[in-house]
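Examining the three-dimensional arrangement
So you can see what is in the structure, the chains are spelled out below.
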Amino acid sequence: MRTSFVFSEVITGLRRNVTMTIAMILTTAISLGLLGGGLLVVRMVDKMQANYAGKLEVSVLLTNDVSANDKDCTQQPCAGLRSNLEATSGVESVVYQNRDEGFERFKRIFEAQPELLKLARPEAIPATFRVKLEDPERTDVIKQAFEGKPGVKGVDDQGKFLERFFEGLNGMRDVALILALIQAFAALLLISNTIQVSAFTRRVEVGIMRLVGATRWYTQLPFLIEAVVAGIIGSVTAVGGLVLFKAFFLDRITRNLTESGIIPPIGYLDILIVSPWLFLVAIVISATTGYVTLRLYVRL
């Protein structure tokens, strides 16, 4: 009987303040949606770092005359450079890629961008030594030993490019999390105001309940449940929004990048994994805000 009364009070409170409840749900959903987006970016960056960790290479680019005249790397200075690279401490493997092979690799990577392929020419691709290190972070060994040597056009460190790329992705994550915090603060204010308004509209019946012996916790419980219910609905809305965003926008925006293997795709499983965190955050924020509001601002 007491349980049915509490839940009837919850439904009554949600119906009486329907506009503020909807505003609270939407604000909570936007906040949690941004938080979920930030968590998905974190997962994508973690996947990329795991995928690229074993594939990072240092590219020793050869000059134009070596690229054009020594296709099989049997002449000097190309043959000498290969021998020195293979003898360098910390080098796991050395693969020579002539100009034609480099151009074929370029076409495979950018096959989803035909406009770029039309502009590209084999002469623009230098012959390259692709060097894999035992420790991918020790690229300075190759740069110091081979940069500026005869036949070497330059030394390209893939790790530096990926580091800048990850910094950009982390910046996107940070922006999403900051916006989520701002929206969360707005949700806290709405939850607090909604509880205060709801308590004010029912102050007479709550006062009567206290006179006949109802405990303070018993009279406060419906307001707490109202806040938690609104928070859960907001989290469900946020998860649904992430699913719709992935289905109708994200897949289209990142299709070329995922098909070329530059970034890993974000799947529905990733959304499912971050969803429990969104539910947990919604419940904790709603319950905590409701409890603090009732203790500080509402005398029931």
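Residues numbered from 1 in each chain as written. Predicted model: local features only at pLDDT ≥ 70, side-chain atom pairs only at ≥ 80, totals over all residues. Heavy atoms only, no water.

The next point concerns a nonpolar patch on the surface. Residues Leu244, Phe245, Phe248, Phe249 and Ile253 make up a contiguous nonpolar surface patch of roughly 540 Å² in combined accessible area. Tracing the backbone shows phenylalanine 245 in helix α10 (residues 216-253). Taking the relative accessible area as the measure of exposure, phenylalanine 245 reaches 41% and is therefore partly exposed. (Patch = residues over 30% accessible without salt bridge, like charges linked within 9 Å, V, L, I, M, F, W, Y side chains within 5 Å. Areas by Shrake-Rupley, 256 points an atom, 1.4 Å probe, with all protein chains shown as cover. Salt bridge = Lys/Arg side-chain N within 4 Å of Asp/Glu carboxyl O. Helix = DSSP H or I, 4+ residues; strand = E, 2+ residues; numbered from the N terminus. Buried < 20%, exposed > 50% of the residue type's maximum accessible area, 1.4 Å probe, protein only.)

Attention shifts here to the nonpolar core. Ranked by size, the top nonpolar core spans 20 residues in total, and within it Leu40, Met44, Met48 and Leu169 carry the most contacts. Counting only elements with at least two residues in this core, the list comes to α2 (18-53), α8 (158-201), α10 and α12 (268-296). Of the residues forming this core, the biggest block, seven residues, is contributed by α2. (Core = buried A, V, L, I, M, F, W, Y, C linked by side-chain atoms within 4.5 Å.)

On to the packing of aromatic side chains, then. In this description, a pair of aromatic rings is defined by centroid distance and the angle of the planes. Applying the stated criterion across every chain, the model contains two aromatic pairs. Aromatic side chains tyrosine 96 and phenylalanine 129 sit 5.3 Å apart centroid to centroid with 55° between the ring planes, which places their arrangement in the tilted category. Separated by 33 residues along the polypeptide, tyrosine 96 in strand β2 (residues 91-97) and phenylalanine 129 in strand β3 (residues 128-133) bring together distant segments of the chain. The exposure class of phenylalanine 129 is buried, given its relative accessible area of 0%. With a centroid separation of 6.1 Å and an interplanar angle of 25°, the aromatic rings of phenylalanine 245 and phenylalanine 249 are classed as stacked. Of this pair, phenylalanine 245 and phenylalanine 249 both sit in helix α10, four residues apart, which is roughly one turn of the helix. Here the basic side chain of lysine 246 rests over the ring of tyrosine 268, its NZ or CZ set 4.7 Å away from the ring centre. (Phe/Tyr/Trp six-rings, centres within 6.5 Å; stacked < 30°, edge-to-face > 60°. Lys NZ or Arg CZ within 6 Å of the ring centre and 35° of its normal.)

The subject of this paragraph is unusual backbone geometry. A cis amide bond links glutamine 76 to the next residue, proline 77, at an omega of 10°. Non-glycine residue cysteine 73 carries a positive phi angle of around 55°. Here cysteine 73 shows up in the loop between α3 (64-69) and α4 (78-87).

Let us look at the pattern of salt bridges. Counted under the stated rule, the structure contains four salt bridges. Of the charged contacts in the structure, one is a salt bridge between arginine 43 and aspartate 270, with a shortest N-O distance of 2.9 Å. In this pair, arginine 43 is assigned in helix α2 and aspartate 270 in helix α12, connecting sequence segments 227 residues apart. On the basis of relative accessibility, which here comes to 5%, the residue aspartate 270 falls in the buried class. Across the pair lysine 71 and aspartate 100 runs a salt bridge, and its minimum N-O distance is 3.5 Å. In this pair, lysine 71 is assigned in the loop between α3 and α4 and aspartate 100 in helix α5 (residues 99-109), connecting sequence segments 29 residues apart. For aspartate 100, a relative accessible area of 42% puts it in the partly exposed group. Each of the salt bridges in this network shares a partner with another, and the network as a whole consists of Arg43, Lys47 and Asp270.

For the rest of this paragraph, the subject is the state of the cysteines. All chains considered together, the criterion is met by one disulfide. The disulfide that involves cysteine 73 links it to cysteine 78, with 2.1 Å between the sulfurs. Its S-S torsion of approximately -105° makes the covalent link between cysteine 73 and cysteine 78 left-handed. Across the pair, cysteine 78 and cysteine 73 agree in class, each one buried. (Disulfide = S-S within 2.5 Å.)

As for its position among the elements, leucine 179 is in helix α8. Judged by its relative accessible area of 41%, leucine 179 is partly exposed.

The subject of this paragraph is the UniProt feature "transmembrane region" (unreviewed entry) in the chain. Mapped onto the present numbering, the UniProt feature "transmembrane region" (unreviewed entry) falls on residues 20-42, 175-201, 221-245 and 266-294. Helix makes up 100% of residues 221-245 and strand makes up 0%, while its end C-alpha atoms are separated by 36 Å. (UniProt positions renumbered as here; feature names shortened; annotations may be inferred.)

Along the chain, the position of glutamine 49 falls in helix α2. A relative accessible area of 38% means that glutamine 49 is categorised as partly exposed. The spatial distance from the C-alpha of glutamine 49 to the C-alpha of glutamate 163 is 9.7 Å, given a sequence separation of 114 residues.

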